[in-house]
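# Results of the structural survey
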Amino acid sequence: MLDELRTLEERALTDLAAARDESAVEAWRVAYLGRKGRLTLILRSLGNLPAEERRQVGAAGNRLRETLEAALEEKRRALQAARLAAVAQRPLDVTLPGRPVPFGRLHPITQTLRDILGAFSAMGFEIVEGPEVETDYYNFEALRIPRDHPARDLWDTLWVDLGGDGERSILLRTHTSPDQVRIMERLQPPIRVVVPGKTYRHEATDATHEWMFHQVEGLAVDQGITLADLKGTLEEFARRLFGQERQVRLVQSYYPFVEPGVDLAVDCWICRGNPDPECRVCRGSGWLELLGAGMVHPEVLRNVRYDTERYTGFAFGMGVERIALARYGIDDIRHFYADDVRFLSQFR
Ligand code: FA5
């Protein structure tokens, strides 16, 4: 057995000397000193030997382990030193370009939102925010949408059942219009505000509908405000955001909290003047609705105790994602929140 240990020592040291890199050294360690390594196996079989021989072989085996461990340590140090020397020898190329630092950028919706708010700020509107978690009163009742009103189907949303008794009174707002009421409760005319924020709907998503999207509400209340002021404001907004060449149109529409009501649409950027029934964006109509608007209904003004003989106002609510689709010529709203960097990195 002692001979066997001597042979093992010679073999091990020769093999170690031949190892060229760290992985070869590691393989050597496993082969000789690992749990199933050759030396370990010999030491483990000592139990079968007579006592005297066991002592001798055991002592020699332990010495050999120390020898091999020391040789391993020495070999590792030598390899490390060789690696450092090789690096030091490599010439330093000071002309190599630096590694580019990847810059983040603003999400296209954030950029569009800022541009929308910038356009209205320039026209004298103040920016105000309201709660995303709303009550039934502000989201619906105060806007003339009682519990049995069919418009509630269009604006179904996520509800919070606070008492656990099925009573539905807290919800994720379906539009930013509740803030019209909140603002008028707090302030007296003249009022000119825009309210940006997230809105939520129970929606079958498609190329132009998301279940979470952003709106910007606008509200102006003063003496002598007319539909012509609304039209002029929206036209100026559209020019600032889309430039002169994009066509916009106002058509009559219905919202319970305005009278009269209108929608503003832009011409379709996908089928461009050649309406295509298969078009995912306009479905052949040639137009895509960007916002709803109108003159604030007198009953809404009365709900907040405004004198309807003195004051009139206009309001609008626009979809920010829709505006971003139109500006950048994108064919599907779902790209915005799919978190694909190849898509997101194309904007500015
Ligand atoms: C409203 O939400 C009204 N509050 C707008 C309003 C305000 C009318 C003030 C009158 C006065 P509507 O449901 O049509 O209306 O939504 C307004 C805009 O939000 C739409 O024109 C569209 O641009 C956008 N929008 C609506 N639903 C979605 C959706 N699922 N995904 C993305 N954008 C949407």
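Conventions we followed
- Residues numbered from 1 in each chain as written.
- Predicted model: local features only at pLDDT ≥ 70, side-chain atom pairs only at ≥ 80, totals over all residues.
- Heavy atoms only, no water.
- Helix = DSSP H or I, 4+ residues; strand = E, 2+ residues; numbered from the N terminus.
- Rg over C-alpha atoms; globule rule 2.2 N^0.38 Å.
- Buried < 20%, exposed > 50% of the residue type's maximum accessible area, 1.4 Å probe, protein only.
- Contact = heavy atoms within 4.5 Å.
- Areas by Shrake-Rupley, 256 points an atom, 1.4 Å probe, with all protein chains shown as cover.
- Near = heavy atom within 4 Å.
- Polar contact = N/O pair within 3.5 Å; in protein donor to acceptor, adjacent residues only side chain to side chain.
- 1 Å grid on protein atoms, 1.4 Å probe; cavity = no way out; pocket = protein on both sides within 12 Å on 5 of 7 lines; lining within 4 Å.
- Sits in = over half its atoms within 2 Å of the grid points.
- Nonpolar A, V, L, I, M, F, W, Y, C, P; charged D, E, K, R; others polar.
- Core = buried A, V, L, I, M, F, W, Y, C linked by side-chain atoms within 4.5 Å.
- Disulfide = S-S within 2.5 Å.
- Pairing = 2+ DSSP bridges.

## A closer look at the overall build of the chain
For the chain, the count of helices and strands is 12 helices and 10 strands. A globule of 348 residues ought to have a C-alpha radius of gyration of about 20 Å, yet the chain, at 38 Å, is considerably larger. A principal-axis box enclosing the C-alpha atoms of the chain has dimensions of 115 × 60 × 45 Å. Within the span of the chain, comprising 348 residues, buried residues form 44% of the whole. Partitioning the contacts of the chain with sequence separation of at least 6, the portion at a separation of at least 24 is 68%. For the chain, the exposed surface amounts to about 19,600 Å²; the carbon and sulfur share of it is 51%.

## Quick notes on the site of the ligand
The local shell around the ligand holds 26 residues, among which H175, S177, R201, E203 and E289 are the closest. Take Q215: an N or O atom from its side chain is 3.1 Å from an oxygen atom of the ligand. Calculation on the ligand without its partners gives an accessible area of 680 Å², and the protein chains cover 96% of this total. In this structure, the ligand is accommodated by the largest pocket. Sorting the residues of the shell around the ligand by element identifies β6 (212-223), β9 (287-296) and β10 (311-319) as the ones contributing at least two each. The greatest single-element share of the shell around the ligand, amounting to five residues, is contributed by β9. Considering only residue class, the shell around the ligand consists of 11 nonpolar, nine polar and six charged.

## Remarks on the nonpolar core
Of all hydrophobic cores here, the largest spans 45 residues; its most connected members are I116, F316 and M318. Of all elements in the fold, only α5 (108-122), β6, α9 (227-242), β8 (258-267), β9, β10, α11 (320-328) and α12 (341-344) reach the threshold of two or more residues within this core. Not counting residues within four places of it along the chain, the set of residues in contact with M318 comprises I116, F120, H214, Q215, V216, F237, L290, L291 and I323.

## Regarding the state of the cysteines
Within the structure shown, the criterion is met by zero disulfides. Summary of cysteine pairing: C268 is not part of a disulfide, and the nearest cysteine sulfur, belonging to C282, is at 3.6 Å. C282 takes part in no disulfide bond, and the closest cysteine sulfur, belonging to C271, lies 3.4 Å away.

## Some points on the sheet that holds strand β4 (residues 170-172)
If you trace the three strands from one edge of the open sheet to the other, you get β2-β4-β3, paired in antiparallel fashion. Whereas interior strands pair on both sides, the edge strands pair on one side only; in this sheet they are β2 (133-135) and β3 (159-160). Pairing analysis gives three bridges linking β2 to β4, with the strands arranged antiparallel. Residue T135 lies in a different strand from β4, and its bridge partner there is I170.

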